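# Per-entry structural report
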Amino acid sequence: MPDQVIICAHRGASSTHPENTIAAFTEAAALGCEMLEFDVRATADGHLLILHDESVDRTTDGAGKIWQLSFAEVRALDASAGHKAYAGIQIPTFDETLDCLPREMELNIHVYPGPSDGAVIVEQVCRAIKVRDLYATAFIAGSDEVMQLVIDTDTTVRRCLLGSRDRVDTYASLAKEMGCSNVQPLHSIVSRKFCDEAHRLGLFIHPFYADDEAEMMRLIECGVDGILTNFPQRLIQLRETLTCLLYTSDAADE
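Numbers given to residues run from 1 along each chain, matching the order in which its sequence is written. Whole-chain, interface and lining totals are the exception, using all residues; otherwise, since this is a predicted model, local features are given only for residues with pLDDT of at least 70 and side-chain atom pairs are given and counted only at 80 or more. Working from all heavy atoms in the structure, the side-chain values ignore hydrogens and water.

## Points about empty space enclosed by the protein
- In this analysis a 1.4 Å probe is tested at points of a 1 Å grid over the protein atoms alone, and where it fits but cannot get out there is a cavity; an open set with protein on both sides within 12 Å along at least five of seven lines is a pocket; lining residues have an atom within 4 Å of a point. Grid points are joined across faces, edges and corners, and a volume is the space filled by probe spheres set on the points. Tallied over the entire structure, the rule returns one cavity of 30 Å³ or more.
- Roughly 70 Å³ of internal volume is contained in the largest cavity.
- What lines the largest cavity is Pro18, Glu19, Asn20, Thr21, Ile50, Leu51, His52, Thr59, Ala79, Ala81 and Ile91.
- Residues belonging to the lining of the largest cavity are distributed by class as follows: six nonpolar, four polar and one charged. In this count, Pro and Cys sit with the nonpolar residues alongside Ala, Val, Leu, Ile, Met, Phe, Trp and Tyr, while Asp, Glu, Lys and Arg are called charged and the others, Gly among them, polar.

## Concerning the pattern of salt bridges
- Here a salt bridge means any side-chain nitrogen of Lys or Arg lying within 4 Å of a carboxyl oxygen belonging to Asp or Glu. Within this structure, the stated rule accounts for 15 salt bridges.
- The salt bridge partner of Glu34 is Arg239, with a shortest N-O separation of 2.9 Å. Of this pair, Glu34 sits in the loop between helix H1 (22–31) and strand E2 (35–42) while Arg239 sits in helix H9 (residues 232–253); the two residues are 205 residues apart in sequence, bridging distant segments of the chain.
- For Glu34, a relative accessible area of 26% puts it in the partly exposed group.
- Accessibility here uses a 1.4 Å probe with only protein chains present; expressed as a share of the type maximum, an area under 20% marks a residue as buried, one over 50% as exposed, and anything in between as partly exposed. Among the residues examined, Arg239 registers a relative accessible area of 16% and is labelled buried.
- In this structure, the salt-bridge partner of Glu54 is Lys65, at a minimum N-O distance of 2.4 Å. With Glu54 in the loop between strand E3 (48–50) and helix H2 (71–75) and Lys65 in the loop between E3 and H2, this residue pair connects regions lying eleven residues apart in the sequence.
- On the basis of relative accessibility, which here comes to 37%, the residue Glu54 falls in the partly exposed class. Working definition: helices are DSSP H or I runs of at least four residues, strands are E runs of at least two. Numbering for both runs from the N terminus.

## Some remarks on the environment of Leu77
- Looking at the element boundaries, Leu77 is found in the loop between H2 and helix H3 (94–100).
- Distance in space between the C-alpha atoms of Leu77 and Thr137 is 31 Å, their sequence separation being 60 residues.
- Pairs of residues are marked as contacts when any of their non-hydrogen atoms sit within 4.5 Å. Other than its neighbours up to four places away in sequence, Leu77 contacts Val56, Thr60, Asp61, Gly62, Ile89 and Gln90.

## Examining the nonpolar core
- We define a nonpolar core as any set of buried Ala, Val, Leu, Ile, Met, Phe, Trp, Tyr and Cys residues linked to one another through side-chain atoms lying within 4.5 Å. If you look at the biggest cluster of nonpolar residues, it comprises 59 residues, and the most contacted ones within it are Phe38, Phe94, Ile109, Val125 and Ile140.
- Here this core takes six residues from helix H4 (residues 118–131), the largest share from any one element.
- Discounting chain neighbours no more than four positions away, the residues touching Phe94 are Phe38, Val40, Leu48, Leu49, Ile50, Ile109, Val125 and Ala128.
- Ranked by size, the runner-up nonpolar core spans eleven residues in total, among them Leu51, Ile66, Leu77 and Ala79.

## Let's talk about the packing of aromatic side chains
- Working definition: a ring pair exists when centres of Phe, Tyr or Trp rings (six-membered ring for Trp) sit within 6.5 Å. Plane angles under 30 degrees give stacked, over 60 give edge-to-face, the rest tilted. This structure, assessed with the given rule, holds four aromatic pairs.
- A ring pair is formed by Tyr171 and Phe194, whose centres lie 6.2 Å apart and whose planes are at 10°; its orientation type is stacked. A residue pair is termed long-range when its members are at least 10 positions apart, and Tyr171 in helix H6 (residues 171–177) and Phe194 in helix H7 (residues 192–200) qualify at 23 residues.
- Counting every residue linked through ring pairs, the aromatic cluster contains Phe25, Phe38 and Phe94.

## Side note on H1
- For H1, every residue scored as buried is listed here: Ala23, Ala24, Phe25 and Ala28.
- Gly32 lies just past H1 and shows a positive phi near 100°.

## Some details on the pairing of strand E1 (residues 6–10)
- Within E1, four of the five residues are buried, which leaves it mostly tucked inside the rest of the structure.
- Between any two strands, at least two bridges found by DSSP are needed for them to pair. Of the strand pairs in this sheet, E1 and strand E9 (residues 226–229) are connected by four bridges, and their pairing is parallel. Following the sheet pairing, Ile6 is matched in E9 by Gly226.
- Relative to E2, E1 runs parallel, the two sharing three bridges.

## Digging into the layout of surface pockets
- Space inside the largest pocket adds up to approximately 330 Å³.
- Forming the boundary of the largest pocket are 16 residues, of which His110, Tyr112, Leu162, Gly163 and Phe208 lie nearest the centre.
- Here the lining of the largest pocket is built from residues that sort into six nonpolar, six polar and four charged.

And the structure:
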């Protein structure tokens, strides 16, 4: 049903706040987003921080690969990325991120390994999910390599296979073979046929991504369960409009 499509804030409310920061995450929660997507990487000394790119160049006033920088070096950076109102904001830690979010919020945790720290990152994320008892609300998204690391670490942790672009025809079945609960296909490959097949396999579908209303509507009509977006407020408004239309139509039929 259109009114039941889950809204996933991509890197938080990233169109209005610095991406992958506590400010962006708390805004997404305040807006009422049911799911939050964020990216986990590790520093040279093994601390988990929230960063999408392999380097800090684009989103901070620093430079360098995160796996070559210490925790102290990364935390000293300004992560406001041009948002003057948030000057001085830091790249958050994984624990800070978990601490600031409502317990009922679905956590779409995208794990990005560096050249040699994949197992360390996955082990720490899985441990946090276990210790905090987030099995019902958190899942790890990542490459085939990451999925295998999760399986090797804790099979109870839910999984979402990424990397749909070059294997449209086999993507859903591969995810099922890896025991995934979710798939996050590139929005351009999503069709009614894809959604029907993924649902037949018992998979929850939340494409990456849609920022304009036309593409949001197309994905909803294909039958997706959720949508990643940098403009959650726009998708919230669309969902509210569709809900009103649905109830108006139902009332007219009675």
